[in-house]
Amino acid sequence: MRTFAGMLDLVAIRECLSCGGEVDAEPLCGDCAYALSARLTPLHTRNTLMRHGFAIGAYSGPIGALVRRAKFSLDTRAVELLAEAMRRALGEGLGFTPDRIVPIPTTPWRLAQRGFHLPERLADEVAAHTGAPIDTVLRRRWGKAQAARTFAERLAAGGDLFVPRRATSGHVLVVDDVLTSGATLHGAAAELLAAGATSVSCLVLAAAGPLRRVPVGIS
Ligand SMILES: [Zn+2]
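Residues numbered from 1 in each chain as written. Predicted model: local features only at pLDDT ≥ 70, side-chain atom pairs only at ≥ 80, totals over all residues.

Taken together, five strands build an open sheet; the order of strands is β3-β4-β9-β8-β5 and the sheet is mixed. The sheet is open, and its two borders are formed by β3 (41-42) and β5 (100-103), each paired with just one other strand. Along the sheet face, helix α6 (residues 118-130) touches β5, β8 (171-179) and β9 (199-207) and points at about 140 degrees away from the line of β8. (Pairing = 2+ DSSP bridges. Helix = DSSP H or I, 4+ residues; strand = E, 2+ residues; numbered from the N terminus. Contact = placed C-beta atoms within 7 Å. Axes fitted to C-alpha atoms, helices over the stretch in contact; angles between N-to-C directions.)

Listed below in structure tokens is the structure:
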């Protein structure tokens, strides 16, 4: 005999977690599942502090939609699908082995509010794949949330977002969910280099704009 909840489940129209389109049993429709199986795309890192930069998809596409769902609807299914996309993209290999993995930190307040931090979840996947340890060397300064800043404010605050807790070393791979202006990653790279890193690269899920032309940071 089916339970009442089971019957509800049968008649419910399922929606793709990313685009909201109708699906049968899978969490994603075919188009969104395809977008989440993308490879790593190199980002434009000339004239920036980054040695290498990679993104998996565009913020305007299904990956971006799923990132918004994870962060703003606190949907842990979306978090796990994004972690899976990261794992699959890394299967191709980065082309280098970093010495440390640094997730872009959030504030303790935001972490308590959401219960998870997407860059940390992604960094776990990168650490598992590369064998490099997670290094929580960066601490976020208290202040206005990035999303609430204007573009000019972000540029001005780029070097003022993070404080290193201690010294670091080697080739550091910074992991974040979204790359928009590049100010966050630029600020992180500047602090990591000042704290002793020999070079910094970055890996993000979703980047705004045409991937190969997005400069990772300002210089
Ligand atoms: Zn979809």
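Further remarks concern the packing of helix α4 (residues 76-90) against α6. The N-to-C vectors of α4 and α6 enclose an angle of 30 degrees; their axes lie 9 Å apart at closest approach. Looking at the two axes, α4 sits roughly parallel to α6. With respect to the hand of their crossing, α4 and α6 are arranged in right-handed fashion. Between α4, through Val79, Leu82, Ala83, Met86, Arg87 and Leu90, and α6, the contact on the second element is made entirely by Leu118, Arg121, Leu122, Glu125, Val126 and His129. Residues belonging to the contact of α4 with α6 are distributed by class as follows: eight nonpolar, one polar and three charged. (Parallel < 35°, antiparallel > 145°, perpendicular 65-115°, else oblique. Left-handed = near helix turned anticlockwise from the far one by under 90°. Nonpolar A, V, L, I, M, F, W, Y, C, P; charged D, E, K, R; others polar.)

Let us now look at the nonpolar core. In this structure, Leu82, Val174 and Leu205 are the most contacted members of the largest nonpolar core, which totals 57 residues. Once residues lying within four places of it in the same chain are set aside, the contact partners of Leu205 are Ile56, Gly57, Ile63, Val67, Leu82, Met86, Leu122, Asp177 and Val178. (Core = buried A, V, L, I, M, F, W, Y, C linked by C-beta atoms within 7 Å. Buried ≥ 20, exposed ≤ 12 C-beta atoms within 10 Å, placed from the backbone.)

What follows concerns the environment of Pro108. Examined against the element boundaries, Pro108 turns out to sit in helix α5 (residues 108-114). Sequence spacing of Pro108 and Arg140 is 32 residues, and the spatial spacing of their C-alpha atoms is 8.8 Å.

As a further point, take unusual backbone geometry. Its identity as a non-glycine residue notwithstanding, Leu74 has a phi of 50 degrees, on the positive side. In this fold, Leu74 is placed in the loop between α3 (62-72) and α4. Judged by local crowding, Leu74 falls into the partly exposed class, with 13 C-beta atoms found within 10 Å.

Summarising the model, the chain shows a mean pLDDT of 86, and 82% of its residues fall at 70 or more. In the model of the chain, helix α1 (residues 4-11) stands out as the element of lowest mean pLDDT, 54, in contrast to β5, which has the highest, 98. (pLDDT = per-residue confidence, 0-100.)

Here the focus is helix α8 (residues 183-194). With 12 residues, α8 extends 16 Å from end C-alpha to end C-alpha; this agrees with the ideal 16 Å at 1.5 Å per step. Within α8, 10 of the 12 residues are buried, which leaves the element mostly enclosed by the surrounding structure. Those residues of α8 lying buried are Ala183, Thr184, Leu185, His186, Gly187, Ala188, Ala189, Ala190, Glu191 and Leu192. In the segment just after α8, Gly196 is the residue with positive phi, at about 120 degrees. (Expected span 1.5 Å × (residues − 1).)

A few words on the pairing of strand β4 (residues 50-58). Among the nine residues of β4, seven are classified as buried, and the element is accordingly described as predominantly covered. Direction of pairing for β3 relative to β4: antiparallel, over a ladder of two bridges. Bridge pairing links Pro42 to Phe54 in β4. Alignment of β4 against β9, held across six bridges, turns out to be parallel. Across the sheet, Ala55 pairs through a bridge with Val204, a residue of β9.

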